[in-house]
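Secondary and tertiary structure notes
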Amino acid sequence: MKNNDWHLGIGDVATATGVSQTKLRYWESKGYIESIQGKGQNRKFTYSMLMKVYQMKLLLDQGYTLSVAAQKAESKSHELKLLKQVLFDRFEGMATIDGQPAVNLGYLDDNDKKSILYAVVSKEGTKFKVVPAENKI
């Protein structure tokens, strides 16, 4: 899952995002998006490229030009890639704190291993809580 290699056909991407196959081909010809193509194969898009197309569509719907939408979507893709890396690097499991789901993000300081950082999720938002390691939940 960390390095997923899911691939979607151009029709799947068009259906999921509401962007026509013609536009997807145009965007690809301009270098805004990329597909994987083997000999005699149809275009295949990664899941991250699907998300980039979706972001671009949202930005275009807000009035941005195609080039600006592509830039902003690329920046967002980079941010999401970093967030994914943090989650895969730090995720240690789930717990319940004060009746709320909590994500165990591991030791606050990997050197002293005295405290564990949790992200406690509620309807009001996500808050962090540091718990002594000996009281691990």
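In what follows, the structure referred to is the one given above.
Remember, it's a predicted structure, so these values are computed and weren't measured experimentally.

Moving on to the pairing of strand E3 (residues 93-97). By the alternation rule, side chains of E3 split into Gly93, Ala95 and Ile97, which are all buried, and Met94 and Thr96, of which none is buried. Pairing of E3 with strand E4 (residues 100-107) involves 5 bridges; the strand directions are antiparallel. The residue bridging glycine 93 from the neighbouring strand is asparagine 104, located in E4. Connecting the antiparallel pair E3 and E4 is a turn made up of 2 residues, with aspartate 98 showing a positive phi of about 50 degrees.

Here we take up the layout of surface pockets. Approximately 160 Å³ is the volume found for the second largest pocket. Every residue along the wall of the second largest pocket is listed here: Asp89, Arg90, Glu92, Asn104, Leu105, Gly106, Tyr107, Asp110, Ile116 and Lys136. Where the lining of the second largest pocket is concerned, the elements lending two or more residues are helix H4 (66-90) and E4. A per-element tally of the lining of the second largest pocket places E4 first, with 4 residues.

Helix length check: helix H3 (residues 47-61) (15 residues) gives 21 Å between terminal C-alpha atoms against 21 Å at 1.5 Å per residue, within 8%. Every buried residue of H3 is accounted for by Met49, Leu50, Lys52, Val53, Met56 and Leu59.

On to the side chain of threonine 17. Its place among the elements puts threonine 17 in helix H1 (residues 10-17). A polar contact of 2.7 Å, which involves the side chain of threonine 17, links it to the backbone oxygen of valine 13. Side-chain polar atoms of threonine 17 contact the backbone nitrogen of valine 19, separated by 3.3 Å. Setting aside chain neighbours within four positions, we find threonine 17 in contact with Leu50, Val53, Tyr54 and Lys57.

A few words on the packing of H3 against H4. Helix packing for two helices is described by the angle between their axes and how far apart those axes are. Put simply, H3 and H4 touch, their axes get as near as 8 Å, and they point 135 degrees apart. Here H4 runs oblique to H3, going by the angle between their axes. Two packed elements cross with a definite hand, and for H3 against H4 that hand is right-handed. Across the interface between the two elements, Lys52, Gln55, Met56, Leu59 and Leu60 from H3 touch Leu66, Ala69, Ala70, Lys72, Ala73, Glu74, Lys76 and Ser77 from H4.

As paired strands, strand E5 (residues 115-122) and strand E6 (residues 125-132) are joined by 8 bridges and run antiparallel to one another. Residue pairing across strands places serine 122 opposite glycine 125, the latter belonging to E6. Two successive antiparallel strands, E5 and E6, enclose a turn made up of 2 residues.

The next subject is helix H2 (residues 21-29). Residues Leu24, Trp27 and Glu28 constitute the buried set of H2. Seen from one end, H2 has its buried residues packed into an arc of 100 degrees, which puts them on one side. Seen from the buried face of H2, the exposed residues on the opposite side, beyond 90 degrees, are Thr22 and Ser29. Buried-residue contacts for H2 involve H1, strand E2 (44-46), H3 and H4. Just downstream of H2, glycine 31 is the residue with a positive phi angle, here 85 degrees.

What counts and what doesn't
- Residues numbered from 1 in each chain as written.
- Predicted model: local features only at pLDDT ≥ 70, side-chain atom pairs only at ≥ 80, totals over all residues.
- Heavy atoms only, no water.
- Buried < 20%, exposed > 50% of the residue type's maximum accessible area, 1.4 Å probe, protein only.
- Helix = DSSP H or I, 4+ residues; strand = E, 2+ residues; numbered from the N terminus.
- Pairing = 2+ DSSP bridges.
- 1 Å grid on protein atoms, 1.4 Å probe; cavity = no way out; pocket = protein on both sides within 12 Å on 5 of 7 lines; lining within 4 Å.
- Points joined across faces, edges and corners; volume = space filled by probe spheres on them.
- Expected span 1.5 Å × (residues − 1).
- Polar contact = N/O pair within 3.5 Å; in protein donor to acceptor, adjacent residues only side chain to side chain.
- Contact = heavy atoms within 4.5 Å.
- Axes fitted to C-alpha atoms, helices over the stretch in contact; angles between N-to-C directions.
- Parallel < 35°, antiparallel > 145°, perpendicular 65-115°, else oblique.
- Left-handed = near helix turned anticlockwise from the far one by under 90°.
- Arc of directions from axis to C-beta.

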